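A closer look at the structure
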Amino acid sequence: MKKSYCPIDTFINVVKGKRKATTILHLYQGKKRYSELVRLLPDISERMLSKQLRELEEDKLICKTVFPEVSPKVEYSLTELGRTIRPILKQMIKGGNIFEELIESEESPES
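Our subject in this report is the structure included herewith. (Residues numbered from 1 in each chain as written. Predicted model: local features only at pLDDT ≥ 70, side-chain atom pairs only at ≥ 80, totals over all residues. Heavy atoms only, no water.)

Quick look at the sheet that holds strand β3 (residues 73–78) now. Across the sheet, which stays open at both edges, the three strands sit in the order β1-β3-β2 with antiparallel pairing between neighbours. Only two strands of the sheet have a single neighbouring strand rather than two, namely β1 (32–33) and β2 (62–67). Most of the contacts of helix α2 (residues 20–28) go to β3, to which it runs at about 95°, and overall it touches β1, β2 and β3. (Pairing = 2+ DSSP bridges. Helix = DSSP H or I, 4+ residues; strand = E, 2+ residues; numbered from the N terminus. Contact = heavy atoms within 4.5 Å. Axes fitted to C-alpha atoms, helices over the stretch in contact; angles between N-to-C directions.)

So, in structure tokens, the structure goes:
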């Protein structure tokens, strides 16, 4: 995590990336195994998902728990810091919906 000139940029730099914010929202619903996240995020490669999870862990937004079993089990969950940004992400969803409606209205043929 690097500090930017503006706190908004710092926040965006932490959560930007292929499906990082979506991953956080999925984890807000509860712990998830890697295979569950793969299913929930079908438009991201497993390599990219692993990279994004590693970055989220480095930024202390998620926690990775490895269970010492014969077939290794890994679970991901949100840290307290990760839980605190949910309201911001929910507002970003609202903002995204506003822009998507605008885009759709500009793309639709005039009657």
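Among the nonpolar cores identified, the biggest contains 16 residues, and Ile-24 and Ile-62 are the most heavily contacted of them. Elements represented by at least two residues in this core include exactly α1 (7–15), α2, α4 (46–58) and β3. If one sorts the elements of this core by residue count, α4 sits on top with three residues. Look past the residues within four positions of Ile-62 in its chain and what remains in contact with it is Leu-27, Leu-53, Leu-56, Glu-57, Tyr-76, Ser-77, Leu-78 and Thr-79. (Core = buried A, V, L, I, M, F, W, Y, C linked by side-chain atoms within 4.5 Å. Buried < 20%, exposed > 50% of the residue type's maximum accessible area, 1.4 Å probe, protein only.)

Here the structure, examined in full by the defined rule, presents zero aromatic pairs. Here Lys-73 stacks its cationic end above the ring of Phe-67, 4.9 Å away from the centre of that ring. Over the aromatic face of Tyr-28 sits the side chain of Arg-83, whose NZ or CZ is 4.5 Å from the ring centroid. (Phe/Tyr/Trp six-rings, centres within 6.5 Å; stacked < 30°, edge-to-face > 60°. Lys NZ or Arg CZ within 6 Å of the ring centre and 35° of its normal.)

Packing of α2 against α4 leaves a shortest axis separation of 10 Å and a crossing angle of 70°. Comparing the axis directions of α2 and α4 gives the class roughly perpendicular. Only Leu-49, Gln-52, Leu-53, Glu-55 and Leu-56 of α4 make contact with α2, whose side of the interface consists of Lys-20, Thr-23 and Ile-24. (Parallel < 35°, antiparallel > 145°, perpendicular 65-115°, else oblique.)

So, on to the environment of Arg-54. In this fold, Arg-54 is placed in helix α4. What makes Arg-54 partly exposed here is its relative accessible area of 47%. Distance from Arg-54 to Thr-10, taken between C-alpha atoms, is 18 Å for residues 44 residues apart in sequence.

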